[in-house]
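# Coordinate inspection notes
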Amino acid sequence: MEILKTSDLPPLGADPSRTYRLGIMGGTFDPIHNGHLVTAEQATDELHLDLILFVPAGQPAFKQERNVSPAEDRLAMTLLATAANPKFMTSRLEIDRPGITYTADTLQELRAHYPQNVELYFITGADALLEIVTWKDADKLAEIATFVGATRPGYDLEKAHAELEGSSIPFKVHYLEVPALAISSSDLRARQQQGRSLRYLTSDEVIGYINKRHLYE
Ligand code: ATP
Ligand code: MG
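I will try to describe carefully the structure that is included in this document.

## With respect to the pairing of strand β5 (residues 145-150)
Most of β5 is tucked away, with 6 of its 6 residues classed as buried. Every second residue of β5 is oriented toward a common face, with Ala-145, Phe-147 and Gly-149 on one face and Thr-146, Val-148 and Ala-150 on the other, all of them buried. The pairing of β5 with strand β6 (residues 173-176) spans 4 bridges and is parallel. When the bridges of β6 are listed, Gly-149 appears paired with Tyr-175. With helix α6 (residues 157-165) bridging β5 and its parallel neighbour β6, the resulting β-α-β unit is right-handed.

Take a look at the structure:
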């Protein structure tokens, strides 16, 4: 079952006399939760983004060691969680790309797809920001997109800041203060396995879907 077509990128950039800002929220989203959503919303608000594309990873490069839920389930949950927000869109770009998922490939694909008056903003939490120097083609990433580094409870955004300052790659980073939600997908999976409540940590629709599909049992 394919929920969206491959050619699912939303139109943006039609008026050549103005600049558009596209946010990209990458993640495994296993499952998506309110920490992801509040981060995306804050980025949209503070950076005046026109649209945010949620892009669930196909085979996440750094999660080879654990069993990630089927891509179609992670995509479905992402769609359910973002459906009501007119600025949030979900893409199967990474899910449809064979092999291990690299953000560099995604950003290059988006850069080739959209006209030059569309600027790309890649949103990460403090934990992921600390690692971008180790990502494949980090120098290309720095060229193509501005990073948005969001605060995340339990992780030190200042440390990431210092690390990136010291890097030889000229990353462009916008630091973003996000209402602190100490929520992680790992914790949600553990809760579900233990029969504990997920309510108000992610949307009711996502919880319903997790139960219906018997995920994380
Ligand atoms: P897992 O525990 O499986 O690693 P996760 O909660 O970290 O899941 P990911 O899908 O790995 O979620 O993260 C996607 C992106 O969202 C990353 O950039 C991560 O830093 C960011 N993020 C996740 N949770 C939060 C949160 N509570 N606050 C701010 N950013 C977050
Ligand atoms: Mg994570």
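Resuming the write-up.
## Let's talk about the pattern of salt bridges
Evaluated as defined, the whole model comprises 13 salt bridges. Between Asp-50 and Arg-18 there is a salt bridge, with the nearest N and O atoms lying 2.7 Å from each other. Of this pair, Asp-50 sits in the loop between α1 (34-47) and β2 (51-56) while Arg-18 sits in the segment before β1 (20-27), and the two are 32 residues apart along the sequence. Classification of Arg-18 by relative accessible area gives partly exposed; the value is 34%. Here the salt bridges share partners, and the residues they tie into one network are Asp-105, Lys-136, Asp-137 and Lys-140.

## Describing the nonpolar core
If you look at the biggest cluster of nonpolar residues, it comprises 31 residues, and the most contacted ones within it are Leu-22, Ile-24, Leu-107, Leu-110, Leu-120, Phe-147 and Phe-171. If you list the elements that add at least two residues to this core, you get β1, β2, α3 (103-113), β4 (118-125), α4 (126-129), α5 (138-144), β5 and α6. Ignoring sequence-local partners within four residues, the contact set of Phe-171 consists of Ile-132, Val-133, Ala-138, Ala-142, Phe-147 and Leu-164. Counting 30 residues, the second-largest nonpolar core is a separate cluster that includes Phe-54, Met-77, Ile-207 and Leu-215.

## A look at helix α7 (residues 185-193)
Within α7, burial applies to Ser-185, Leu-188, Arg-189 and Gln-192. One side of α7 holds all its buried residues, which, seen down the axis, span an arc of 100°. Buried positions along α7 lie against α1 and α8 (204-212).

## So, the sheet that holds strand β3 (residues 88-90)
Sheet strands line up and pair through hydrogen bonds in the backbone, either parallel or antiparallel. Read across the open sheet, the 6 strands follow the order β3-β2-β1-β4-β5-β6; overall the sheet is parallel. Edge positions in the sheet fall to β3 and β6, since each of these pairs with one other strand and no more. In this sheet, neighbouring strand axes are inclined to one another by 25° on average, regardless of whether the strands run parallel or antiparallel. Relative to β5, β4 is paired through 6 bridges, and the arrangement is parallel. Counted as the bridge partner of Leu-120 is Ala-145 from β5. With respect to the sheet, α1 is in contact with β1, β2, β3, β4, β5 and β6, its orientation differing from that of β6 by roughly 115°. Across the face of the sheet, α3 comes into contact with β1, β2, β4 and β5 while running at roughly 160° to β4.

Thresholds, definitions, all that
- Residues numbered from 1 in each chain as written.
- Chains lettered and ligands numbered in written order.
- Predicted model: local features only at pLDDT ≥ 70, side-chain atom pairs only at ≥ 80, totals over all residues.
- Heavy atoms only, no water.
- Buried < 20%, exposed > 50% of the residue type's maximum accessible area, 1.4 Å probe, protein only.
- Helix = DSSP H or I, 4+ residues; strand = E, 2+ residues; numbered from the N terminus.
- Pairing = 2+ DSSP bridges.
- Right-handed = clockwise from strand over helix to strand, strands pointing away.
- Salt bridge = Lys/Arg side-chain N within 4 Å of Asp/Glu carboxyl O.
- Core = buried A, V, L, I, M, F, W, Y, C linked by side-chain atoms within 4.5 Å.
- Contact = heavy atoms within 4.5 Å.
- Arc of directions from axis to C-beta.
- Axes fitted to C-alpha atoms, helices over the stretch in contact; angles between N-to-C directions.

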